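Analysis of the macromolecular model
Listed here are the chains, written in short residue letters.
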Amino acid sequence: MSQIQDYNNSQTAENKEICDLLLAIINENLSDAESKIWHAHPVWFLDGNPVVGYSKLKDSVRLLFWSGQSFDEEKLQNEGSFKAAEMRYTNSNQINEQDLKRWLEKSREIQWDYKNIVKRKGELLRIKPL
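Residues numbered from 1 in each chain as written. Predicted model: local features only at pLDDT ≥ 70, side-chain atom pairs only at ≥ 80, totals over all residues. Heavy atoms only, no water.

Details of the environment of Asn93
We apply this condition: Secondary structure follows DSSP: runs of H or I at least 4 residues long count as helices, runs of E at least 2 residues long count as strands, and numbering of each begins at the N terminus. A simple rule labels every residue: compare its accessible area, found with a 1.4 Å probe on the protein chains alone, to the largest value its type can have, and call it buried under 20%, exposed over 50%, or partly exposed in between.
Take Asn93: it is sitting in the loop between strand S6 (85–89) and helix H3 (97–109). Note on Asn93: relative accessible area 63%, which makes it exposed. It is 8.3 Å that separates the C-alpha atoms of Asn93 and Ile18, two residues lying 75 residues apart in sequence.

Here it is as structure tokens:
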């Protein structure tokens, strides 16, 4: 069993349902991505760059797209001072599979270079220019 499935199995029944559905949809749509537990949460990487992950918060499960602020998606909320955006779920039936698939496609096309952010002293550059 994978470390990510171990993470999902450690959640409450309701949150495990959310995490399992996110895991299935992300794996199906980013099948070439590397996935692992990173900073204690499941994260998917393309060419070493984090693109999507999820984590258990006190009152929800947060789905985070590292470059999500650039997706131009109304439902995603800005998170933090860089380019990340999030969606929070309290029930698996809140997951809109069409939205999630579209966001995952955008996570492949629209990437900011988090992999080298430390080397660049906090400056984020777009991997694939517009």
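Side note on the pattern of salt bridges
The test is simple: In what follows, salt bridge is the name for a side-chain nitrogen of Lys or Arg lying within 4 Å of a carboxyl oxygen of Asp or Glu.
Applying the stated criterion to the full structure yields 13 salt bridges. Across the pair Lys16 and Asp20 runs a salt bridge, and its minimum N-O distance is 2.5 Å. Note that Lys16 and Asp20 are positioned in helix H2 (residues 13–29) at a spacing of four residues, about one turn of the helix. Of the residues examined, Lys16 reaches a relative accessible area of 26% and is grouped as partly exposed. Put simply, Lys106 and Glu73 hold a salt bridge, and the shortest N to O gap is 2.8 Å. One end of the pair, Lys106, is in helix H3; the other, Glu73, is in the loop between strand S4 (61–65) and strand S5 (77–78), with 33 residues separating them in the sequence.

Examining the nonpolar core
The condition that has to hold: The criterion is simple. A nonpolar core is a set of buried Ala, Val, Leu, Ile, Met, Phe, Trp, Tyr and Cys residues joined through side-chain atoms within 4.5 Å.
Residues Leu22, Trp44, Tyr54 and Leu63 are the most contacted members of the largest nonpolar core, which totals 28 residues. Sort the elements by how many residues they give to this core and H2 lands first, with six residues. Of all hydrophobic cores here, the second largest spans nine residues; its members include Val43, Leu64, Trp66 and Ile117.

Here's the deal with H3
Stated formally: Multiply 1.5 Å by the residue count of a helix minus one, and that product is the helix's expected span. Whenever two N or O atoms come within 3.5 Å, that pair is a polar contact, provided that in protein one can donate a hydrogen and the other can accept it, and provided that, for residues adjacent in sequence, both atoms are side-chain atoms.
The end-to-end C-alpha distance of H3 is 19 Å, a good match for the 18 Å that 13 residues give at a rise of 1.5 Å each. Buried within H3 are the following residues: Asp99, Leu100, Trp103, Leu104, Ser107 and Arg108. N-cap assignment for H3: the residue whose side-chain oxygen lies 3.0 Å from the backbone N of Gln98 is Asn96.

Notes on unusual backbone geometry
Excluding glycine, a negative phi dihedral is what most residues carry, and trans is how most peptide bonds are arranged. Positioned with a positive phi, Ala40 is a non-glycine residue whose angle comes to about 75°. Relative accessible area serves as the criterion here: at 53%, Ala40 is assigned to the exposed category. The backbone of Asp47 sits at a positive phi, close to 50°, despite the residue not being glycine. For Asp47, a relative accessible area of 73% gives the class exposed.

Looking at H2
What counts, and what does not: By definition in these notes, contact holds between two residues if any of their heavy atoms fall within 4.5 Å.
Here H2 is 17 residues long and its end C-alpha atoms lie 24 Å apart, about the 24 Å a rise of 1.5 Å per residue gives. Every buried residue of H2 is listed here: Asn15, Ile18, Cys19, Leu22, Leu23, Ile25 and Ile26. Of the surrounding elements, those touching the buried residues of H2 are helix H1 (3–9), strand S2 (41–46), strand S3 (49–56), S4, S6 and H3.

What about the sheet that holds S3?
How we decide: At least two DSSP bridges between two strands are needed for those strands to be called paired. To obtain each axis, a line is fitted to C-alpha atoms, and for helices this fit is confined to the stretch in contact; angles are then taken between N-to-C directions over 0 to 180 degrees.
With respect to topology, six strands assemble into an open sheet ordered S1-S2-S3-S4-S6-S5, the strand pairing being antiparallel. Of all the strands in the sheet, just strand S1 (34–38) and S5 have a single pairing partner and so form its edges. In the sheet, S4 pairs with S6 via five bridges, with the strands oriented antiparallel. Paired with Phe65 across the strands is Ala85, a residue of S6. Sitting on the sheet, H3 touches S2, S3, S4 and S6, and the angle it makes with S4 is about 35°.

Purely geometric stuff here, so don't read any function into it on its own.
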